[in-house]
Amino acid sequence: MSDKESVVGVSAPAVDLDHVDTKKLDVAGAFLAEVAARPDAAELLAPYTKEEEKKLVGWKIDPIMMTLCQFAGMMGAVDKVCIGTAALLNWRQDTGMVGQDYSWSSSIIYFGAILAVIPSMIAFQKLPSGKWVAFNCFVWGILLVCMSQAKSWATIMVVRFILGLFESVIFAGFGLIVAQWWTRKEQGWRTAVIFSTLSSVMNGILSYAALEYGTKHKLKGWQLLFIMVGVITIAWSFVLATLLPDNPSTAWWLTMREKVIAIRRTESNRTGMESQTFKLSQVKEAAMDPKTYLFFLIAFLLNIPNGGLITFNSIVIATLGFTTKQTTLLAIPTGVISWISSIAMGVIGARTGKRFIVTLLGTLLPLIGTIILHLVPRTNRGGSLTGLYILWMYWGPYTSAQTIMYSNTAGFTKKYCVFAFAYMGYCVGNITGPLTFKASQAPTYSGGIVAMLCGYIIAWFLVLVLYLYTIYLNKKKEQQLAEYEATRVGKEDLLEEWHDLTDWENPRFRYVT
């Protein structure tokens, strides 16, 4: 690692603006080139101290960006979790659902997401991304309110399909945001916070309110639940429209000096910032990269349980003999357990530098929970709940795998292609999961349990394959860098890392292991 990467505050060599083609730069490079042309460039580009960086991250970037993304992502997850509680509030009976109708009402949202994720990412690239996220959040909030008036299965399917179209921006889009704002070492636990499972906590609180007050008004409990989730989401969309920038260079709540620091502190990521230029060559590279398909398969396999748990968690708890109110309250800890596991794995992965090892070990935890849930009879309520709660640690290895993907993919067009394809794997897993929980197999749901077991075991082996492949790629990178250093002309400058190069193209790129 060079001194420039390891020591905060060492300035990059000056850039000769007369020989710079700004069209080849991403937005960060173009911004830095503009700053370099200012009369006060020396002051703005002066070496920054650790104290400056710590203050910027701790007082602005973390509290603003993490809060904006975490709450929006949480509300996007609440609408998926809340249908489990709605089912306990007679939603299925009131809308005439039979057989697998309920499973399909959960799965249909992901068909919409799969269809829309690539167009949504293109819009993310071409339009002001902060406003695009806010717009999508606003529309899905409106659709959730509409869910309260959907009183037939056919109407529900239409609304939830459209809902998936607008929620598709969350995972891939927020992944791009994480890569823009935080260093690779920092991304682990921040990703865990942003993609938190506190949706179970929020859903538990709102569901309890719906259960308490829904019966006292003309609205049914499940209708009140959907309205509350929708209104909160709409309100948050206005917060996003006000505060969420397109990238660090457009954040109105940062000073010019802070913008420079926010950008330059991520230079060592070597993954670029943002480019509004669509590059077909990067699409082709993403399609040829074996990592793309491994990320897809890992996301798919780790989210078969996610789809089943989100949809059937409340129902499984209810089969243990608890009342509706008890079931609602007992579902709250699942989100906390899941969130803590993901943050813990993010922190451990960052501190040890062994993200793959942490992911491999983390995958074993929900596997153990699944085995307990499979072997312990439902009459043993304590044992069954223990297995179910351990199973909810599944989110840790998934978010850990996501940070590996964010850190190991460079080039803006390639990033959104890879992230979008991995999100499709997430969607397919969530489509498959609820369908393995057959109503005819209640209360044991043996088909769902077997599907989760198979998913975790195969995912574990694929993470191992990706780990070994990444080690191989880093050995190849050593040779590529040596050839580059032997033939390069000129010295490194301020804009060295902002040419929107992919991880294959950039000889200085190293993969996180």
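Residues numbered from 1 in each chain as written. Predicted model: local features only at pLDDT ≥ 70, side-chain atom pairs only at ≥ 80, totals over all residues. Heavy atoms only, no water.

*Asks:* Is there a simple way to think about the pattern of salt bridges in this case?
*Replies:* Between side chains of opposite charge, a pair can form when the charged atoms approach closely. Summed over all chains, the structure comprises 15 salt bridges. For the salt bridge of Arg38 with Asp40, the shortest nitrogen-to-oxygen distance reads 2.9 Å. A relative accessible area of 35% places Arg38 in the partly exposed class. With relative accessibility at 27%, the residue Asp40 sits in the partly exposed group. A salt bridge links Asp289 to Lys414; its shortest N-O distance comes to 2.9 Å. One end of the pair, Asp289, is in the loop between helix 14 (280–288) and helix 15 (290–302); the other, Lys414, is in helix 22 (residues 412–436), with 125 residues separating them in the sequence. (Salt bridge = Lys/Arg side-chain N within 4 Å of Asp/Glu carboxyl O. Buried < 20%, exposed > 50% of the residue type's maximum accessible area, 1.4 Å probe, protein only. Helix = DSSP H or I, 4+ residues; strand = E, 2+ residues; numbered from the N terminus.)

*Asks:* Looking at this structure, how should I read the packing of aromatic side chains?
*Replies:* Any pair of aromatic rings gets described here by the distance separating the centres and the angle formed by the planes. Going through the model one piece at a time under the given rule, you end up with 28 aromatic pairs. Relative to Tyr423, the ring of Phe171 has its centre 5.7 Å away and its plane inclined at 20°; by these criteria the two rings are stacked. Taken together, the residues span a long stretch of sequence, with Phe171 in helix 9 (residues 169–181) and Tyr423 in helix 22 at a distance of 252 residues. Tyr423 carries the same exposure label as Phe171, and that label is buried. Taken together, a centroid distance of 5.8 Å and an interplanar angle of 75° make the contact between Tyr394 and Trp395 edge-to-face. For the pair Tyr394 and Trp395, one class covers both residues: buried. (Phe/Tyr/Trp six-rings, centres within 6.5 Å; stacked < 30°, edge-to-face > 60°.)

*Asks:* Teacher, can you tell me more about empty space enclosed by the protein here?
*Replies:* If a probe as big as a water molecule is rolled over the atoms, it shows which places are left empty. In this structure the tally under the stated criterion is 8 cavities of 30 Å³ or more. Quantified by volume, the largest cavity comes out at close to 180 Å³. Together, 20 residues line the largest cavity, and Ala77, Ser196, Ser199, Trp395 and Tyr426 are the ones closest to its centre. In terms of residues, the lining of the largest cavity owes the most to one element, helix 4 (residues 50–88), which gives 6 residues. Class assignment of the residues belonging to the lining of the largest cavity gives a composition of 12 nonpolar, 7 polar and 1 charged. (1 Å grid on protein atoms, 1.4 Å probe; cavity = no way out; pocket = protein on both sides within 12 Å on 5 of 7 lines; lining within 4 Å. Points joined across faces, edges and corners; volume = space filled by probe spheres on them. Nonpolar A, V, L, I, M, F, W, Y, C, P; charged D, E, K, R; others polar.)

*Asks:* What is the right way to read the environment of Met273 from this model?
*Replies:* With respect to the helices and strands, the residue Met273 is situated in the loop between helix 13 (256–264) and helix 14. By relative accessible area, which is 2% here, Met273 ends up buried. Linking Met273 and Ala410, residues 137 residues apart in sequence, is a C-alpha distance of 9.2 Å. In this structure, Met273 is in contact with Asp26, Val27, Ala28, Gln180, Asn247, Pro248, Ile263, Thr266, Phe412, Lys415 and Trp498, ignoring residues within four places of it in sequence. (Contact = heavy atoms within 4.5 Å.)

*Asks:* Any chance you could explain the nonpolar core here in plain terms?
*Replies:* One recurring pattern in soluble globular proteins is that nonpolar side chains are buried together. Counting residues in each nonpolar core, the largest one holds 123 residues, and the members touching the most others are Trp91, Met121, Phe124, Phe174, Trp181 and Leu240. Broken down by element, the residue count for this core peaks at 16 residues, all from helix 4. Not counting the four nearest positions on each side in its chain, Phe124 is found in contact with Ser129, Trp132, Val133, Val169, Gly173, Leu176, Ile177, Glu274 and Phe412. Counting 14 residues, the second-largest nonpolar core is a separate cluster that includes Ala28, Leu32, Leu45 and Met273. (Core = buried A, V, L, I, M, F, W, Y, C linked by side-chain atoms within 4.5 Å.)

*Asks:* Is there a simple way to explain the side chain of Thr292 in this structure?
*Replies:* Mapped onto the secondary structure, Thr292 falls in helix 15. Those residues in contact with Thr292 that lie beyond four places of it in its chain are Ala286, Val418 and Phe421.

*Asks:* Just checking my understanding: could you explain the packing of helix 4 against helix 8 (residues 153–167) for this structure?
*Replies:* When two helices pack together, their arrangement is captured by the angle between the axes and the distance separating the axes. Following both chains from N to C, one finds helix 4 and helix 8 inclined at 155°, their axes separated by 11 Å at the closest point. For the element pair helix 4 / helix 8, the angle class is roughly antiparallel. Considering the relative orientation of helix 4 and helix 8, their crossing is left-handed. Of helix 8, the residues touching helix 4 (which contributes Gly76, Asp79, Lys80 and Ile83) are Arg160, Leu163 and Glu167. Here the contact of helix 4 with helix 8 is composed, by residue class, of 2 nonpolar, 1 polar and 4 charged. (Axes fitted to C-alpha atoms, helices over the stretch in contact; angles between N-to-C directions. Parallel < 35°, antiparallel > 145°, perpendicular 65-115°, else oblique. Left-handed = near helix turned anticlockwise from the far one by under 90°.)

*Asks:* Quick question: what am I supposed to make of helix 10 (residues 187–194) here?
*Replies:* Think of an α-helix as 3.6 residues a turn; residues three or four steps apart then line up on the same face. By the criterion of burial, helix 10 is predominantly enclosed, with 7 of the 8 residues buried. Listed as buried for helix 10 are Gln187, Gly188, Arg190, Thr191, Ala192, Val193 and Ile194. Buried-residue contacts for helix 10 involve helix 4, helix 9, helix 18 (332–352) and helix 21 (395–407).

*Asks:* Help me understand the confidence of the model for the protein, please; the structure alone is not making it clear to me.
*Replies:* Any segment with low pLDDT has predicted coordinates that should not be analysed in fine detail. On average, residues of the protein carry a pLDDT of 86, and 88% of them reach 70 or more. Mean pLDDT values for the elements of the protein range from 41 in helix 1 (residues 3–6) up to 96 in helix 15. Counted against residues more than four places away or in other chains, residues 1–7, with its pLDDT under 50, gives 6 contacts. (pLDDT = per-residue confidence, 0-100.)

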